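Remarks on the overall topology
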Amino acid sequence: MDRLPPRSDADALVKEALKRLDLPTRRLFLRDSLTLGGLSLLTGCSLGDGKSAETALQRISRMNDRVQAWLFDPKRLAPTYPESMITRPFPFNAYYGEDKAPRVDADAFRLEVSGLVSDKHAWTLPELHALPQTDQITRHVCVEGWSAIGRWGGVPFSAFLRRVGADLSAKYVGFKCADDYYTSIDMPTALHPQTLLTLSHDGKILPIRHGFPLKLRMPTKLGYKNPKHIQAIFVSNTYPGGYWEDRGYNWFGGS
Ligand SMILES: Nc1nc2c(c(=O)[nH]1)N[C@H]1C(S)=C(S)[C@@H](COP(=O)(O)O)O[C@H]1N2
Ligand SMILES: [Mo]
């Protein structure tokens with residue numbers, strides 16, 4: 001225990017660790033009151049210096065992801081809303097201003113599919129539009145403190161994954177976007193009935209600001225997990241991370 005930091009640093013570290021947990025997991029730890037010794041035991045880190053503290057915090061985040069994944073019910077549906085509750089205009093958000101949203105050429109567009117899939121052919125937009133479509137009115141929740149209700153239409157992602165012969169026992173589905181954005185999700189969420197490979201917003205072709213030509217819409221996940229301007233999809237067992245996730249947001253990102 002001689003390598004543990006002084007009391008004030010210790011309290012700050014425990015507080016920081018608790019911040020990285022979502023509510024149900026945090027409650028679990030607070031019930032037994034998380035101490036620095038406990039944190040050290042949980043993460044297997046000695047916590048004597050800044051580097052091991054950072055490693056401990058990263059391990060806490062990954063532990064949180066596993067608890068969230070374990071709590072996720074693949075059959076429980078997110079709420080849907082009546083047409084009268086749709087938010088218009090629908091807010092824009094990205095890591096840049098609206099005028100910087102990437103302009104993707106519809107005719108040249110090809111959706112790349114790679115990794116643990118049997119059919120790696122690249123999809124044109126007409127091919128994607130020819131697949132059976134559905135739509136849903138759900139709430140988008142952004143961690144920056146706003147939410148909005150919208151209608152999105154497209155191809156159920158589980159049908160798409162089956163169509164390309166994806167290994168449905170793989171851990172991750174990753175996305176690369178036409179801007180520098182990227183993210184990845186767990187397979188149970190990819191297969192959730194409300195996860196939609198989205199081609200339309202509010203009954204019209206997906207506008208540039210909301211991710212033309214293609215976005216993934218998941219009412220079970222926070223806004224930053226919903227990639228816009230998708231260019232490539234891959235199935236993998238190697239953790240792919242994400243733009244905000246690599247900057248400290250929780251990877252699971254359930255809403
Ligand atoms: N390609 C791309 N996708 C992205 C983002 C981004 O910056 N680039 N931002 C994310 C965040 S934080 C939010 S809240 C939503 C916003 O989507 P909207 O503009 O359709 O409201 O997009 C998500 N997907
Ligand atoms: Mo967001």
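Here is what the cut-offs are and how they apply
- Residues numbered from 1 in each chain as written.
- Chains lettered and ligands numbered in written order.
- Predicted model: local features only at pLDDT ≥ 70, side-chain atom pairs only at ≥ 80, totals over all residues.
- Heavy atoms only, no water.
- Near = heavy atom within 4 Å.
- Polar contact = N/O pair within 3.5 Å; in protein donor to acceptor, adjacent residues only side chain to side chain.
- Nonpolar A, V, L, I, M, F, W, Y, C, P; charged D, E, K, R; others polar.
- Phe/Tyr/Trp six-rings, centres within 6.5 Å; stacked < 30°, edge-to-face > 60°.
- Helix = DSSP H or I, 4+ residues; strand = E, 2+ residues; numbered from the N terminus.
- Buried < 20%, exposed > 50% of the residue type's maximum accessible area, 1.4 Å probe, protein only.
- Salt bridge = Lys/Arg side-chain N within 4 Å of Asp/Glu carboxyl O.
- Domains from an automatic or database assignment.

Observations regarding the site of ligand 1
For ligand 1, the set of nearby residues contains 21 residues, the closest of which are Pro91, Asp179, His210, Asn226 and Lys228. Within the backbone of Asn226, one N or O atom sits 2.8 Å away from a nitrogen atom of ligand 1. Partitioning the shell around ligand 1 into residue classes produces twelve nonpolar, six polar and three charged.

Quick look at the packing of aromatic side chains
Evaluation of the coordinates by the stated rule reveals 17 aromatic pairs. For the ring pair Trp123 and Phe160, a centre distance of 5.2 Å and an interplane angle of 55 degrees mean the geometry is tilted. Note that Trp123 is positioned in the loop between strand E1 (112-115) and helix H5 (125-129) and Phe160 in helix H6 (residues 157-163), a separation of 37 residues in sequence. The burial state of Trp123 is the same as that of Phe160; both residues are buried. Feature note: the residues Tyr95, Tyr96, Tyr181, Tyr224, Tyr243, Trp244 and Tyr249 constitute an aromatic cluster, connected by ring pairs.

Brief notes about the pattern of salt bridges
For the structure on display, the rule yields ten salt bridges. The closest approach of N and O atoms between Lys221 and Asp186, which form a salt bridge, is 3.0 Å. Taken together, the residues span a long stretch of sequence, with Lys221 in the loop between strand E8 (215-217) and strand E9 (230-236) and Asp186 in strand E5 (residues 182-186) at a distance of 35 residues. Judged by relative accessible area, Lys221 falls into the buried class, the value being 2%.

What to know about the domain arrangement of the protein chain
Along its sequence, the protein chain is carved into domain 1 (7-71) and domain 2 (83-247). Spacing between the C-alpha centres of domain 1 and domain 2 amounts to 32 Å.

Re the environment of Arg62
Looking at where Arg62 falls in the secondary structure, it is placed in helix H4 (residues 50-71). Under the relative-accessibility criterion, Arg62 is labelled partly exposed at 29%. Residues Arg62 and Asn250 lie 188 residues apart in sequence; the distance between their C-alpha atoms is 8.1 Å.

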